[in-house]
Amino acid sequence: MSVKVNAACQTSSIATAMSRLIAKLEGKGKGIKTVIVNMVDVVKVLNQPPGYPTKYFGCELGAQTQFVKKDLYIVNGC
């Protein structure tokens, strides 16, 4: 499933389709963390490095973030 970015815009260069963010919860209790599964696909449309949106989620939620591998982006405690 894809979501239109700026659906009000009629030009095809700006209104591009972006895949939904897929988050997976791992762990229990105090060790819970959210893994953002498709961050690389999402940031290709945004033209940003994957660490920027992940860090933004951490700041907005008041949580720590981790970048374990190239394709593994984690927000702790959410």
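Scroll up to find the structure.
What counts as what
Residues numbered from 1 in each chain as written. Predicted model: local features only at pLDDT ≥ 70, side-chain atom pairs only at ≥ 80, totals over all residues. Heavy atoms only, no water. Helix = DSSP H or I, 4+ residues; strand = E, 2+ residues; numbered from the N terminus. Contact = heavy atoms within 4.5 Å. Areas by Shrake-Rupley, 256 points an atom, 1.4 Å probe, with all protein chains shown as cover. Pairing = 2+ DSSP bridges. Core = buried A, V, L, I, M, F, W, Y, C linked by side-chain atoms within 4.5 Å. Buried < 20%, exposed > 50% of the residue type's maximum accessible area, 1.4 Å probe, protein only. Axes fitted to C-alpha atoms, helices over the stretch in contact; angles between N-to-C directions.

**A look at the overall build of the protein chain**
Counting its secondary structure elements, the protein chain contains two helices and six strands. Along the protein chain, from the amino end to the carboxyl end, the secondary structure elements read β-β-β-β-α-α-β-β. Sequence-distant contacts, at least 24 apart, represent 28% of the contacts inside the protein chain between residues at least 6 apart. If you sum the accessible surface of the protein chain, you get close to 5,600 Å²; carbon and sulfur atoms cover 58% of it.

**A word on the pairing of strand β6 (residues 72-76)**
If a strand is regular, its side chains alternate between the two faces of the sheet. Relative to β6, strand β4 (residues 33-36) runs antiparallel, the two being bridged by four bridges. Bridge pairing in β6 places valine 35 opposite isoleucine 74. Once strand β5 (residues 65-69) ends, the chain turns through two residues before running back antiparallel as β6.

**Focus: the side chain of asparagine 38**
Within the fold, asparagine 38 resides in the loop between β4 and α1 (39-46). In this structure, asparagine 38 is in contact with Ser19, Arg20, Leu21 and Ile22, ignoring residues within four places of it in sequence.

**Remarks on the nonpolar core**
Core analysis: the largest hydrophobic core is formed by six residues, namely Ile36, Met39, Val43, Ala63, Tyr73 and Val75. When residues of this core are traced back to their parent elements, those giving at least two are α1 and β6.

**Brief notes about the sheet that holds strand β3 (residues 23-26)**
If you trace the four strands from one edge of the open sheet to the other, you get β3-β4-β6-β5, paired in antiparallel fashion. Of all strands in the sheet, those bounded by a partner on one side alone are β3 and β5. Within this sheet the neighbouring strands show an average axis-to-axis angle of 30°, counted without direction. Strand contacts of helix α2 (residues 51-61): β4, β5 and β6, with the helix running at about 10° to β6, the strand carrying the most contacts.

**Some remarks on the pairing of β5**
Inspection of the sheet shows β5 paired to β6 by four bridges, in the antiparallel sense. Counterpart to lysine 69 in the pairing with β6 is leucine 72.

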